[in-house]
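Summary of structural features
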Amino acid sequence: MVGGQVWLDDQPVAEWEAGGGLSRAAGLGVPGASLDLPLHYLPDWQSHLRAFPLSPQLPLGGEATTASAQWRRHAALYLAHLLPGGAAERGVAQALDPQAHQAHPAQASIKRNALEGLPVLMACGDDLPGAVGLRGRRRSPPWMPQRELLPESLADRLQGPAEQWLLLDERGERVLPWWPAPAVGAGAMDSLPMLGVYVDQGRWWWTRTPQMASTHLLEAAPRQAGGEAALFNKLFCLRLAARLGLDVATVELLPLPQPVLQFQRWDRLRLDDGRVRRLHAVSAGQALGLWPDEHTASTHPPPPWTRLGKLLSHSPQPLVDRRALMRWWVFQALIGSGDAGPSDLWFYLDHTGLRLAPVMNLRCPLAPHGKGSWRGATGGPLGRAELSSRWQMTPPVNAAKDWALAAKACGAKPRSLALELRRMCEAAPLEASVLASAAGAEVPADVAHAIAAVVAAQSARQMAWVEDLLHTDHRDL
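In this report, the structure presented in the accompanying data block is examined. Quick caveat, the model's predicted, so the values are computed rather than measured.

Spatial ordering of the open sheet is given by β3-β2-β1-β4, a layout of four strands whose pairing is antiparallel. Where the open sheet ends on each side, the last strands, each with one partner, are β3 (39-41) and β4 (132-136). Strand-to-strand twist in this sheet, taken as the mean axis angle between neighbours without regard to direction, amounts to 30°.

This is the structure in structure tokens:
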């Protein structure tokens, strides 16, 4: 692979040398998969007054203080988290290099592609999550005029092969922007990446220019039994979370006629003249340096959720972000979810530090999901047992002491978390009931009331620990 540059919005910040590679397969321990990227920051960027790193694992000046192999590994991990994942990723790789696919049809994955993951990321131009963009040194990206995406063609795409999900043409010369599919957790039930589109007066557009980028993300239902119910489940949970004080991405339900969620991108700022400014962001997986597809936590003690508090020490508003993290943890408990993964929590990153970003992925795994059931990777019902060894970003809570340890992990006193827990446990059942009664136009009644019942039961369970938590001395932990 020839060398290239990493840009943040409209400025080059780093470059990689020829020969580097990355692969999601490496995260699964696939033999022969590489995870090595010789990346270094450009001197002009490091001397910039408002310079900031690509991620906390790649600090400015860190090349001089970090072991070379570890630095290259973190650089590759950072980019591997941006790959779309699954069949959509393989489809882009196949379109970019069909000969490699034909030579190895049984192993048509990024690791069998001689160019590996970098060309897939570069095919998206400058419209990856956050402000990051990849460009080759030898030529400028192929800027392209706007192209309207009609609802009919998008509906056909939603029902078509997953391998063609991101391709505007079979040769892969035009690739839609994406938001990576969740790699672990409840959101990973055969999910496809979200599609990035530029929205203007209710119409969808695709373009690739230095001043334009997608402003919204489209999420379709997972392709399996109960998929549409899972999408409604997510919408209801996001609506409920907003009522309880969580910072949630703006979302609306669109019929195509299939249900589709349209998220307003919080990592984009649309200017009055139609131009789009890209805001940099990193996932918890990138910020903590986790494997994109890790299934066991044995190689990374302590559990990743215990390290989130340390990340908040980089925040310019630690009190605000600490409370936001506690609310996110409590809400996950109230919907019975213990399987939030590294791609479910995102942060803004700029010269001021790291700040929590709005939430886009919340689901209640304990609620029934219509005619089909939500199945896990092993074929059984998806629940805590199957996901207990995965990269969980939420604390396992079965007693007041567990909440006290969570408070300590995020740098708060148990009393502060107890007061937030009590407020949300008191408000959640009522808000869920009201929302379920009024959600008929968006969410089927059976899904809404099933989630409301889970929230009521979980709220009563969590409320029982509030008094003990109020009287827990943080100095004893």
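On we go.
Applying the stated criterion across every chain, the model contains 17 salt bridges. One salt bridge connects E148 with R203, and the closest N-O pair in it is separated by 2.8 Å. With E148 in strand β5 (residues 144-149) and R203 in strand β8 (residues 203-208), the pair connects residues that are 55 residues apart, well separated along the chain. A residue is classified by how much of its surface remains accessible, and E148, at 28% relative accessible area, is partly exposed.

Overall, antiparallel pairing links the three strands, which are arranged β14-β15-β16 in an open sheet. A strand with exactly one partner marks an edge of an open sheet, and here the two such strands are β14 (281-283) and β16 (353-356). This sheet shows a mean twist of 35° between the axes of neighbouring strands, independent of strand direction. Where β14 lies against strand β15 (residues 346-350), three bridges are found, and the strand directions are antiparallel. Paired with V282 across the bridge in β15 is F347.

With 143 residues, the main nonpolar core has W328, F331, F347 and W403 as its most contacted residues. In contact with W403, not counting residues within four places along its chain, are W329, V330, A333, V397, L417, L421, Q462, W465 and L469. Listed in part, the five residues of the second largest apolar core include Y198, W205, A213 and V276.

Applying the stated criterion across every chain yields a total of seven aromatic pairs. Measuring from centroid to centroid gives 6.1 Å for Y41 and W71, while their planes differ by 70°, and the two rings are edge-to-face. With a gap of 30 residues between them, Y41 in strand β3 and W71 in helix α2 (residues 68-80) connect regions that are remote in the sequence. Since its relative accessible area comes to 3%, Y41 is described here as buried. Between W45 and F52 the ring centres are 5.4 Å apart and the planes differ by 80°, which places this aromatic pair in the edge-to-face class. Every member of this aromatic cluster is reached through a ring pair, and the members are W179, W266, W346 and Y348.

So, on to the pairing of β16. Two strands pair when backbone bridges link them, and β15 and β16 are joined in this way by four bridges, in the antiparallel orientation. Opposite D350, over in β16, you have G353 as the bridge partner. Hairpin connection of β15 to β16: two residues between the antiparallel strands.

On to the packing of helix α12 (residues 400-409) against helix α13 (residues 414-438). At a closest axis distance of 8 Å, the pairing of α12 and α13 adopts a crossing angle of 115°. Read as a crossing pair, α12 and α13 show a hand that is right-handed. Residues W403, A404, A406 and A407 of α12 pack against P414, L417 and L421 of α13. Residue composition of the contact of α12 with α13, by class: seven nonpolar, no polar and no charged.

Conventions we followed
- Residues numbered from 1 in each chain as written.
- Predicted model: local features only at pLDDT ≥ 70, side-chain atom pairs only at ≥ 80, totals over all residues.
- Heavy atoms only, no water.
- Pairing = 2+ DSSP bridges.
- Helix = DSSP H or I, 4+ residues; strand = E, 2+ residues; numbered from the N terminus.
- Axes fitted to C-alpha atoms, helices over the stretch in contact; angles between N-to-C directions.
- Salt bridge = Lys/Arg side-chain N within 4 Å of Asp/Glu carboxyl O.
- Buried < 20%, exposed > 50% of the residue type's maximum accessible area, 1.4 Å probe, protein only.
- Core = buried A, V, L, I, M, F, W, Y, C linked by side-chain atoms within 4.5 Å.
- Contact = heavy atoms within 4.5 Å.
- Phe/Tyr/Trp six-rings, centres within 6.5 Å; stacked < 30°, edge-to-face > 60°.
- Left-handed = near helix turned anticlockwise from the far one by under 90°.
- Nonpolar A, V, L, I, M, F, W, Y, C, P; charged D, E, K, R; others polar.

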